[in-house]
Amino acid sequence: MSGCIFCSIVAGDIPADVVSSTEHTVSFRDIAPAAQVHVLVVPRDHHRDIASLAVADPAAAADLLAQARQVAGQEGFDDFRLVFNTGESAGQTVFHAHGHVLAGPELPAGAE
Ligand code: 5GP
Ligand code: ZN
């Protein structure tokens, strides 16, 4: 979708520190990390949030969930937190579905 920053990252039009990519997803480091590991897992196709993605493309949603463990593992952590801010009043600022994979020795107590 034109004007969507995560679509631009998926397309390779703007740079990002990509840590993995699959048929349905691209995973890259958050520009403002809130934990030692803070990676965003996003579907290649544009959907406004995780709830919309789950309805429109369950296979992509399942791939996204599987990638969370994969990314945490490759970063050296078995344990991780997966956060989906869904909607503006819940803190979502980028309206292209994404999961925050957070991991590290001491995760912050609150959400993302
Ligand atoms: P939200 O608040 O929508 O759940 O999360 C959006 C996240 O995207 C934020 O944690 C923010 O730091 C990250 N972010 C915003 N713009 C960019 C960008 O251009 N590159 C990367 N790597 N992360 C971004
Ligand atoms: Zn998008």
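Counting of residues starts from 1 at the beginning of each chain's written sequence and follows it residue by residue. Chain A is the first chain written and ligand 1 is the first ligand written, with later ones labelled in order. The model is predicted, so local features are restricted to residues of pLDDT at least 70 and side-chain atom pairs to those at 80 or more, both for listing and for counting; the totals for chains, interfaces and linings are taken over all residues.

A. Spatial organisation of the sheet that holds strand S2 (residues 25–29). Taken together, the five strands give an open sheet; going across it, the order is S1-S2-S3-S5-S4, and neighbouring strands pair in antiparallel fashion. The two strands at the open ends of the sheet, each matched to only one other strand, are strand S1 (18–21) and strand S4 (81–83). For this sheet, the mean angle separating the axes of adjacent strands, direction not counted, is 20°. In this scheme, strands are said to pair when DSSP sees at least two bridges between them. For the purposes of this entry, the term helix denotes a DSSP run of H or I that reaches at least four residues, the term strand denotes a run of E that reaches at least two, and both are numbered from the N terminus. Summarising the sheet, S4 and strand S5 (residues 99–103) pair through three bridges and their orientation is antiparallel. By the bridge assignment for S5, Leu-82 is matched with Val-101. Sitting on the sheet, helix H3 (residues 58–74) is in contact with S1, S2, strand S3 (37–43), S4 and S5, with an inclination near 160° to S3. To obtain an axis, a line is fitted to C-alpha atoms, over the contacting stretch when the element is a helix, and the angle between two such axes runs from 0 to 180 degrees between their N-to-C directions. For the purpose of contact definition, each residue receives a C-beta atom placed from its backbone, and two residues are in contact when these atoms lie within 7 Å.

B. Main features of the site of ligand 1. Proximity of a residue to a molecule or strand is defined by its backbone-placed C-beta atom lying within 6 Å of that partner. Surveying the vicinity of ligand 1 reveals 13 residues, the closest of which are Ile-31, Ala-32, Asn-85, Thr-93 and Val-94. Residues are sorted three ways: Asp, Glu, Lys and Arg are charged, Ala, Val, Leu, Ile, Met, Phe, Trp, Tyr, Cys and Pro are nonpolar, and all the rest, Gly among them, are polar. Here the residues of the shell around ligand 1 are counted per class, giving seven nonpolar, four polar and two charged.

C. Representation of the environment of Arg-29. Counting through the fold element by element, Arg-29 comes out in strand S2. Buried residues are those with 20 or more other C-beta atoms within 10 Å of their own C-beta, exposed residues have 12 or fewer, and partly exposed residues lie in between; C-beta atoms are placed from the backbone. Of the residues examined, Arg-29 has 17 C-beta atoms within 10 Å and is grouped as partly exposed. As for Arg-29 and Asp-57, which are separated by 28 residues in sequence, their C-alpha atoms are 24 Å apart. Excluding anything up to four places from it in sequence, Arg-29 contacts Asp-17, Val-19, His-38 and Val-39.

D. Representation of the confidence of the model for the protein within the structure. The pLDDT value tells you how sure the predictor is about a given residue, anywhere from 0 up to 100. Across the protein, the average pLDDT comes to 95, with 97% of residues at or above 70. In the predicted complex, the global pTM is 0.96; the interface-specific ipTM is 0.99.

E. Examining the UniProt feature "active site" (unreviewed entry) in the protein more closely. UniProt positions are given in the numbering used here, feature names are shortened, and annotations may be inferred rather than shown by experiment. The feature "active site" (unreviewed entry), as given by UniProt, occupies His-98 in the numbering adopted here. Tracing the sequence through the fold places His-98 in the loop between S4 and S5. The buried category is assigned to His-98, around which 27 C-beta atoms lie within 10 Å. Sequence-distant contacts of His-98, defined by excluding residues within four places in its chain, comprise Phe-6, Leu-40, Val-41 and Val-42.

F. Here's a closer look at H3. With 17 residues, H3 ought to run about 24 Å at 1.5 Å a step, and its terminal C-alpha atoms sit 24 Å apart, in line with that. Every buried residue of H3 is accounted for by Ala-60, Ala-61, Leu-64, Gln-67, Ala-68, Val-71 and Ala-72. Considering only its buried residues, H3 is in contact with S1, S2, S3, helix H2 (50–56), S4 and S5. At the exit of H3 stands Gly-76, carrying a positive phi of roughly 100°. Multiplying 1.5 Å by the helix residue count minus one yields the expected span of that helix.

G. Inspection of the pairing of S1 at higher detail. Strand direction decides the pairing type here: S1 and S2, joined by three bridges, are antiparallel. Looking at S2, one finds that Ser-21 is bridged to Val-26. Hairpin connection, S1 to S2: the antiparallel pair is bridged by three residues.

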